[in-house]
Amino acid sequence: MKKKIIFIISIFLLLFGYIFYLTIVNESIETISRFGSSGNEVKQIQQKLKEWGYYKGEVDGVYGSKTQSAVRAFQKANGLTVDGIAGEKTLSAIGISSSSSGSSGSSQSSSNSSDLNLLSRLVYGEARGEEYIGQVAVAAVVLNRVDSPNFPNTVAGVIYESGAFDVVSDGQINLSPDKTAKSAAQDALNRMGSNKWSIILL
């Protein structure tokens, strides 16, 4: 009888552990926008892809077939894995910080990091053979456009605007930037608060 009770308790603990594991896995899956998802992150995806001509539907925050097709088209055009799922790499390329980032403070930090990464990749793709000041100037062009009412108001929006930069169409935007490109992008971002982006010459 004692062995039977121990066996039942063991089975119960195993089942509890398995359910707990599935809960964690499901929570991690929910941090990625995919077919069937809904919410603010999906609205951001739709809005940005609509601005760039990938998405033709209504910005309703529902990840349906039109959104999935738009994400797939964006992924294909930018050298990403074409699976129709807005995972971390796709969200980063779009310029959206993942919903798993937590509080507004950490979300802002993640967004800044995403902008720096994307800007560094652009600088490396466009101007890795240029002198340092020329690389800073490339980053400043993007930031000036973000600040202008005539262009999208995000770094990703400016960079991925149709026909804006050759490195997007030829795939060089996906190359890993070197330290110089990262420093140039950071330097341009640092000037944002004081000198403004239009003043980049020393």
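In this report, we go over the structure that sits alongside the text. (Residues numbered from 1 in each chain as written. Predicted model: local features only at pLDDT ≥ 70, side-chain atom pairs only at ≥ 80, totals over all residues. Heavy atoms only, no water.)

Attention shifts here to the overall build of the protein. Looking only at helices and strands, the protein has 9 helices and 0 strands in total. Considering the protein as a whole, with its 202 residues, one finds that 36% of them fall into the buried category. Sequence-distant contacts, at least 24 apart, represent 53% of the contacts inside the protein between residues at least 6 apart. Approximately 11800 Å² of the protein is accessible, and the part contributed by carbon and sulfur atoms is 56%. (Helix = DSSP H or I, 4+ residues; strand = E, 2+ residues; numbered from the N terminus. Buried < 20%, exposed > 50% of the residue type's maximum accessible area, 1.4 Å probe, protein only. Contact = heavy atoms within 4.5 Å. Areas by Shrake-Rupley, 256 points an atom, 1.4 Å probe, with all protein chains shown as cover.)

With that settled, the discussion passes to helix H3 (residues 65-77). Taking 1.5 Å of rise per residue, the 13 residues of H3 would be expected to cover 18 Å, and the 18 Å separating its terminal C-alpha atoms lies within 8% of that figure. When H3 is considered as a whole, its buried residues turn out to be Thr67, Ala70, Val71, Phe74 and Gln75. The arc enclosing the buried residues of H3, seen along the axis, measures out at 135°, which places them on a common side. Facing away from the buried side of H3, by more than 90 degrees, are the exposed residues Lys66 and Lys76. Against helix H2 (40-51) and helix H4 (88-94) lie the buried residues of H3. Just downstream of H3 lies glycine 79, where phi reads positive at about 70°. (Expected span 1.5 Å × (residues − 1). Arc of directions from axis to C-beta.)

Ranked by internal contacts, the top residues of the largest apolar core, which has 41 residues, are Ile45, Leu49, Leu119, Val142, Ile159 and Tyr160. Of all the secondary-structure elements, those providing two or more residues to this core are H2, H3, H4, helix H5 (104-127), helix H6 (132-147), helix H7 (155-159), helix H8 (166-169) and helix H9 (179-190). Once you skip the residues sitting within four places of it in the chain, isoleucine 159 turns out to touch Leu118, Leu119, Leu122, Val142, Ala164, Phe165, Val168 and Ile173. (Core = buried A, V, L, I, M, F, W, Y, C linked by side-chain atoms within 4.5 Å.)

Time to look at the environment of alanine 188. Here alanine 188 lies in helix H9. The spacing of alanine 188 and leucine 116 is 72 residues in sequence and 9.8 Å in space, taken between C-alpha atoms.

Counted by the stated rule, this structure contains 4 aromatic pairs. With 5.2 Å between their ring centres and 70° between their planes, phenylalanine 74 and tyrosine 160 make a pair best called edge-to-face. Within this pair, whereas phenylalanine 74 is found in helix H3, its partner tyrosine 160 is found in the loop between H7 and H8, the two being separated by 86 residues in sequence. Every member of this aromatic cluster is reached through a ring pair, and the members are Trp52, Tyr54, Phe74 and Tyr160. Here the guanidinium or amino end of arginine 128 rests over the ring plane of tyrosine 124, the centre of that ring lying 4.9 Å away. (Phe/Tyr/Trp six-rings, centres within 6.5 Å; stacked < 30°, edge-to-face > 60°. Lys NZ or Arg CZ within 6 Å of the ring centre and 35° of its normal.)

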